[in-house]
Amino acid sequence: MYSHKGRMLAAFRGEEVDRLPYVPRLDLWYLANSVSGTLPKQHAGRAQNEIARAEGWTVYFRFADDILDAEVQKMYLHRGIGLFSTRDTLYDFVMPRDVGIKVQRKDGRIRVEYHTPVGMVHSTMFYDQSSQRLGITSPMIVDHVIKTPEDYGPVGYIFEHMDIVPNFDRFNRWVSEEMRDDGVAVAQGFMGASPVHQIQRDLLDPTQFYFHYTDHNAKMLELAGKMEHLFDGMLTILCTSPAEVVWWGANYDDMLTYPPYFEKEITPWIRKASRQLGSADKLVMCHTDGENEGLMDLIRDSGMHIAESICPTPMTKVTLAEYYRHWSGHLTLCGGIPSTIVLPETNEADFEAYLDQLFKAVAPGKRMLVGIADQVPPNAIFSRLQRIGERVEREGQLPLAAGAFRAAPAAAIPAPAGPTPTAPVTQPEDRFALVRLDVSKGKHKEIKSHVQALVDSGVKAEAILEHGLISAISEVGRRMATGEAFIPQVLLAARAMTAAMEVLEPLLARGGDAQGGRVLIGTVKGDMHDIGKNLVVTLLKGVGYEVRDLGINVSREAFCDAVAEFQPQVLGLSALLTTTMVEMREVIKALDNRQLRGRCKIMVGGAAVTKEYAKQIGADGFAGSAHETVALVKQLVSAAA
């Protein structure tokens, strides 16, 4: 007879167990509902782990701390440079003695300054009561510590002179007092799987990272080298620790951590961690919650033991059956139920249908743990969590039978492409060839002079825009859609296009040849992600639209005010998280209440958003990529005319 912990560990190790473990991670859901007073009546006043025990579920969580509490805030003080001192960490970071730290708090913003012998840098985080109600479990970085190339020196000094020391007491108390034998306490490594990945995740703005990775690669790699001793020290501590499973790296995605980058910058450290921790009889878990279609082979062969929080179709392109068939012979899968399935937007019939196919898709069920990916969202229907548990208990006896279910053939995974897309083939007499080459290779410094030369030779601005810039960016977008190019190449191309438009915009405006239309865009309240939004903004500006970017964490009131003042033909709402995409519906409701809904067309997008969800909330369109967004805007502007 297995305990919850025993069954979970055995499944992690690939051993035969009696039934599928059910491990719904409740952190976000619990925090949001406990703060709002909306926990189910039977669980009012209970702690997160007590709710799981009462329902008979495996206890699986980090925790949901009250970050507004002064003592808890100390654990997250250095979140802006990617460091935590929480219950699941088995170590402490010791800051250099000659680095002064100054903290300023105001209106939910926490600014932390690091005064080093070689200069000062700072980061700013944000966390307030609205963050709690959204279920956000750690402060969000709104101003990253590296902003310019000059910041690499002070940041490097901090990491180079920092120390890491073991501290097992917090973890042991967590295991004995909260986890007990009802689940596996997963220890936290770095959120970045490697030093460069850590820089990408926490130290640089997501969009700026790709520019720095190209423009300031030597400085970035020098900083990564100064961080390596902390990664090595952490592995040494973890190998001698009481932890049985270690979370090493998070948030892989085939566009953000695109295949060539993943293979070069991430894979070697996953293999190193798996090798060292495996030799100490410990398992390495990676948080693989993104779009993994282009990373299927790389993740499978990376050496990780557990792929946690796998998120399949309809939220990503890979079906659960494809995940299981491709990975289960090499590693254990945890997750498999998209969080949209437990939201009110999914009807009961579709919810039950998903569960019907789940048990067939993962047959025979070895190396599989059922959970909600990424986590249980705040507005999940609790009775659905219960029904999943009931069905896993009733139908999850192993081995599972696949029955008549037949998975769709796996999509072909494109081979990793090189760092820059190939320029379109041109004829020698093509006078726009050089400009297209500049766009495709991201040559933002050279393109302005090349565009100006065309203008000086008498070429009309609209011809340069159409046959040079739009033609090139469309080809880059096509290559991105087919997996031949990745987000860094598109961002670099878009940056070059923006530089070119500095020359063309005055001429287009004077001649009345600019693309007509105004677009308002922003990331909804509670969401600090902006890389996809930024790419869309750049592409839309590049093809001549007038774009106003409201930024991140935008309230519904701010969207309404901007629609009334700017009067756009199109409003774009962006959200990366299932916890924040529900805010899109509230923005549309707010526009209705202020009688502004009819003034513009509304498009939605982001990793968590689907075409079906867009229809449910009353949006006029959905785009799954930046390239698709440009075509959608053109269509919506025409419809609004």
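Cut-offs used in this document
- The numbers attached to residues start from 1 for each chain and follow its sequence in the written order.
- Reporting in this predicted model follows two pLDDT cut-offs: at least 70 for local features of residues, and 80 or more for side-chain atom pairs to be given and counted; totals over whole chains, interfaces and linings ignore these cut-offs and use all residues.
- Water and hydrogen atoms play no part in the side-chain values, which are based on all heavy atoms of the structure.
- Strands are runs of DSSP state E lasting at least 2 residues, helices are runs of H or I lasting at least 4, and numbering of each runs from the N terminus.
- Here the globule rule reads 2.2 Å times residues to the power 0.38, and the radius of gyration is calculated from C-alpha atoms.
- Any two residues whose heavy atoms approach within 4.5 Å at even a single point are treated as in contact.
- For accessible areas, the Shrake-Rupley method is used with a probe of radius 1.4 Å. Any residue's cover is judged against the shown protein chains and nothing else.
- The sign given to each residue is positive for Lys and Arg and negative for Asp and Glu; His and the chain ends receive no count.
- Lysine's charge is taken at NZ, arginine's at CZ, aspartate's at CG and glutamate's at CD.
- Strand pairing is defined by DSSP finding a minimum of two bridges between the two strands.
- Categorising residues by exposure relies on relative accessible area from a 1.4 Å probe, with only protein chains included: less than 20% of the type maximum marks a residue as buried, more than 50% marks it as exposed, and the intermediate range marks it as partly exposed.
- Here a crossover is taken to be right-handed if, once the strands point away from the viewer, the path from the first strand over the helix to the second is traced clockwise.
- Working convention: axes come from line fits to C-alpha atoms, limited for helices to the stretch in contact. Angles between N-to-C directions cover 0 to 180 degrees.
- Any angle that falls under 35 degrees is termed roughly parallel, while one over 145 is termed roughly antiparallel, one within 65 to 115 roughly perpendicular, and all others oblique.
- Here a crossing is called left-handed whenever its near helix is offset anticlockwise from the far helix by less than a right angle, and right-handed whenever the offset is clockwise.
- The classification used treats Ala, Val, Leu, Ile, Met, Phe, Trp, Tyr, Cys and Pro as nonpolar, Asp, Glu, Lys and Arg as charged, and all other residues, Gly among them, as polar.
- In the sections that follow, a salt bridge refers to a side-chain nitrogen of Lys or Arg positioned within 4 Å of a carboxyl oxygen of Asp or Glu.
- Each residue carries a pLDDT score, the predictor's confidence in it, ranging from 0 to 100.
- Only buried residues count toward a nonpolar core. Its members are Ala, Val, Leu, Ile, Met, Phe, Trp, Tyr and Cys residues joined through side-chain atoms within 4.5 Å.

Draft legend 1. Layout of the overall build of the chain. Along the chain, the regular secondary structure elements total 24 helices and 17 strands. Taken over the C-alpha trace, the chain has a radius of gyration of 25 Å; the compact-globule value for 641 residues is 26 Å, and the two agree within 12%. For the C-alpha atoms alone, the extent of the chain along its principal axes is close to 80 × 60 × 50 Å. A sequence separation of at least 24 residues applies to 74% of the contacts in the chain between residues at least 6 apart. Working note: accessible area of the chain is about 24800 Å², and carbon and sulfur atoms make up 50% of it. Each charge sign in the chain was given a centre, from 68 positive and 79 negative side chains, and these centres are 1 Å apart.

Draft legend 2. The pairing of strand β2 (residues 100-106), seen in detail. Taken together, the seven bridges between β2 and strand β3 (residues 109-116) define a ladder with antiparallel strand orientation. For Ile101, the partnering residue across the bridge sits in β3 and is Tyr114. Turn length for the β2-β3 hairpin, with the two strands adjacent in sequence and antiparallel, is two residues, and the turn residue Asp107 shows positive phi of about 50°.

Draft legend 3. Geometry of helix α1 (residues 4-12). With eight of its nine residues buried, α1 lies for the most part within the structure. Listing the buried residues of α1 in full gives His4, Lys5, Arg7, Met8, Leu9, Ala10, Ala11 and Phe12. Those residues of α1 that are buried lie in contact with β8 (245-250), β9 (283-287), β10 (306-310), β11 (332-338) and β12 (368-373). Of the residues one or two after α1, Gly14 is the one with positive phi, at around 85°.

Draft legend 4. Main features of the pairing of β9. By the criterion of burial, β9 is predominantly enclosed, with five of the five residues buried. In β9, alternate side chains face the same way, and those of Leu283, Met285 and His287 on one face and Val284 and Cys286 on the other are all buried. In this sheet, β9 lies alongside β8 in parallel orientation, the contact comprising four bridges. Opposite Val246, over in β9, you have Val284 as the bridge partner. One crossover worth recording links β8 to the parallel β9 by way of helix α11 (residues 259-279), and it is right-handed. Pairing analysis gives three bridges linking β9 to β10, with the strands arranged parallel. Bridge assignment links Met285 to a residue of β10, and that residue is Ile306.

Draft legend 5. Here's a closer look at the packing of helix α6 (residues 152-160) against helix α10 (residues 217-239). Between α6 and α10, whose axes approach to 8 Å, the crossing angle comes to 15°. Overall, the two elements α6 and α10 adopt an arrangement that is roughly parallel. Once α6 is placed against α10, the crossing between them reads as left-handed. Two secondary-structure elements touch here, α6 through Tyr152, Val155, Gly156, Phe159 and Glu160 and α10 through Lys219, Met220, Leu223, Lys226, Met227, His229 and Leu230. Among the residues forming the contact of α6 with α10, the class breakdown is seven nonpolar, two polar and three charged.

Draft legend 6. Fine view of the pattern of salt bridges. What the rule picks out here adds up to 39 salt bridges. The salt bridge partner of Asp549 is Lys533, with a shortest N-O separation of 2.9 Å. Highlighted residues: Asp549 in strand β14 (residues 546-549) and Lys533 in helix α20 (residues 531-542), separated in sequence by 16 residues. Judged by its relative accessible area of 34%, Asp549 falls in the partly exposed class. When its relative accessible area of 3% is taken as the criterion, Lys533 is described as buried. One salt bridge in this structure joins Lys589 and Glu586, with 3.7 Å as the shortest N-O distance. Taken together, the residues span about one helical turn, with Lys589 and Glu586 both in helix α22 (residues 578-593) at a distance of three residues.

Draft legend 7. Representation of the sheet that holds β14. Read across the sheet, five strands follow the order β14-β13-β15-β16-β17 without closing on themselves; strand pairing throughout is parallel. Whereas interior strands pair on both sides, the edge strands pair on one side only; in this sheet they are β14 and β17 (621-622). The pairing of strand β13 (residues 518-523) with β14 spans four bridges and is parallel. Pairing of Leu520 across the sheet is with Arg548, part of β14. In the packing of helix α21 (residues 556-566) onto the sheet, contacts are made with β13, β14 and β15 (570-574), and the angle to β13 comes to roughly 170°.

Draft legend 8. Broad picture of the confidence of the model for the chain. Mean pLDDT over the chain stands at 89; residues scoring 70 or higher make up 93%. Predicted confidence is poor over residues 403-428, with pLDDT under 50, and the contacts of this stretch with residues over four places away or in other chains come to 43 contacts.

Draft legend 9. A look at the nonpolar core. The biggest cluster of nonpolar side chains holds 162 residues, and the ones touching the most others in it are Phe159, Leu203, Trp248, Ile388 and Leu469. Here the element with the most residues in this core is helix α19 (residues 487-511); it accounts for 14 residues. Each residue touching Leu203, except ones within four places of it in the same chain, is listed here: Gly80, Ile81, His144, Val145, Ile146, Val155, Phe159, Gln198, Leu223 and Met227. Formed by 32 residues, the second largest nonpolar core is a distinct cluster that contains Cys560, Val582, Ala608 and Ile617.

Draft legend 10. Focus on the sheet that holds β2. Here we have four strands laid out as an open sheet, ordered β2-β3-β4-β5, and antiparallel in their pairing. A single partner strand is all that each edge strand has here, and the edge strands are β2 and β5 (140-143). Strand after strand, the sheet turns through a mean of 30° between neighbouring axes, direction not considered. Pairing of strand β4 (residues 119-126) with β5 involves three bridges; the strand directions are antiparallel. Each residue of the ladder has a partner; that of Thr124, found in β5, is Asp143. Most of the contacts of α6 go to β4, to which it runs at about 85°, and overall it touches β3 and β4.

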